[in-house]
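# Close look at the chain arrangement
Residues per chain are reported as follows:
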Amino acid sequence: MTHLLAIYDMDRTVTVTGTYTGFLIHVARAMAPWRLILLPCVVLLMLAYVVKLISRQRLKELNQALMVGYNVERARLMPHVESYADKVIAANVRQGALAQIAQDRADGYTLVLATASYRLYVEPIARRLGFDAVIATDHLSQDLRYVRAKIAGENCYDTGKLRMIKAWMTAQAIDRSDAHIRAYSDHVSDAPMLEFADLPFAANPHRRLALLAQARGWPRVDWD
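The paragraphs below set out a description of the structure included in this document. Everything numeric in this text was worked out from a predicted model, so none of it was measured. (Residues numbered from 1 in each chain as written. Predicted model: local features only at pLDDT ≥ 70, side-chain atom pairs only at ≥ 80, totals over all residues. Heavy atoms only, no water.)

## Re the pairing of strand E7 (residues 179-185)
- Among the seven residues that make up E7, six are buried, leaving the element largely enclosed by the rest of the structure.
- Bridging between strand E1 (residues 3-8) and E7 involves six bridges; their strand directions are parallel. Bridging from a neighbouring strand, Leu 5 pairs with Ile 181 of E7. (Buried < 20%, exposed > 50% of the residue type's maximum accessible area, 1.4 Å probe, protein only. Helix = DSSP H or I, 4+ residues; strand = E, 2+ residues; numbered from the N terminus. Pairing = 2+ DSSP bridges.)

Encoded structure:
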């Protein structure tokens, strides 16, 4: 049996713009508007990441602690997570991506959304888009009463994303030799995932991925 998998990156592949900062601001505005005065600190943390003073994973944890809170009751948070998913679907999804998702579904592919964004808000977005599975960055104590600003395991990014895809396939009892994989991404950090696929697509690629795709002979699609 051949398992047909269509694996999509989310931010700027399926969506027009990134979703992470928008999520932080949406939740801060809804739950604790005073936190918006901390936005300059978010900018400073980004600069610290750029000059390699902190890791990408630590950057995400600190930003969440500032804008959402270190320890937030899940029942209070989830209505705002759901409303953010509605906002993304209404105004931040590429129509061409929707068409390709529908085509992959019609072709019999299992739809997998693999993203560095938090599972917390990715799952509601994925559900609205009709994805079958989500591979994403998890919070520590993902299923407990409180959401902590702490990442469990790896940030689902670059080679870490590929490791998490492989782990998911193992958990689903899908052997690589028995799978046909289509993969879509806009960013060169997903080169490991694209290399892993049978049919990789550079979707709305930024310059570095466009050049890599041209060199490797990967198809390019523009969903704008």
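Now, onward.
## Regarding the sheet that holds E7
- Reading across from one edge, E6-E4-E3-E1-E7-E8-E9 is the order of the seven strands in this open sheet, with mixed pairing throughout. If you trace the sheet from one side to the other, it starts and ends with strand E6 (151-152) and strand E9 (220-221), each paired once.
- Pairing geometry for strand E4 (residues 133-139) and E6, over two bridges, is antiparallel. Along E6, the bridge assignment pairs His 139 with Ile 151.
- Along the sheet face, helix H3 (residues 56-67) touches strand E3 (110-118), E4 and E6 and points at about 75° away from the line of E3. (Contact = heavy atoms within 4.5 Å. Axes fitted to C-alpha atoms, helices over the stretch in contact; angles between N-to-C directions.)

## Some words on the environment of Thr 137
- Mapped onto the elements, Thr 137 comes out in strand E4.
- A sequence separation of 21 residues divides Thr 137 from Ala 116, and the C-alpha atoms of the two residues are 5.5 Å apart.
- Excluding its chain neighbours within four sequence positions, the residues that come into contact with Thr 137 are Lys 60, Thr 115, Ala 116, Ser 117, Tyr 118, Arg 119, Ile 151, Glu 154, Asn 155 and Cys 156.
- Looking at Thr 137, its side chain comes within polar contact range of the side chain of Asn 155, at 3.0 Å.
- A polar contact of 3.0 Å, which involves the side chain of Thr 137, links it to the backbone nitrogen of Cys 156. (Polar contact = N/O pair within 3.5 Å; in protein donor to acceptor, adjacent residues only side chain to side chain.)

## Regarding the pattern of salt bridges
- Scanning the model with the defined rule gives 16 salt bridges in all.
- Note that Arg 182 and Asp 107 form a salt bridge whose closest N and O atoms lie 3.1 Å from each other. One end of the pair, Arg 182, is in strand E7; the other, Asp 107, is in the loop between helix H5 (95-106) and E3, and 75 residues separate them in sequence.
- Judged by relative accessible area, Asp 107 falls into the partly exposed class, the value being 34%.
- A network of salt bridges, in which partner residues are shared, links Glu 82, Asp 86, Arg 127 and Arg 128. (Salt bridge = Lys/Arg side-chain N within 4 Å of Asp/Glu carboxyl O.)

## A short note on helix H9 (residues 207-216)
- Of all the positions in H9, only Leu 209, Leu 212 and Ala 213 are classed as buried. The buried residues of H9 occupy one face: seen down the axis, they fall within an arc of 100°. Residues of H9 that are exposed and angled more than 90 degrees away from the buried face: Arg 207, Gln 214 and Ala 215.
- For H9, the elements touching its buried residues are E7, helix H8 (191-196) and strand E8 (199-203).
- Trailing H9 by a residue or two, Gly 217 shows a phi angle of about 75°, which is positive. (Arc of directions from axis to C-beta.)

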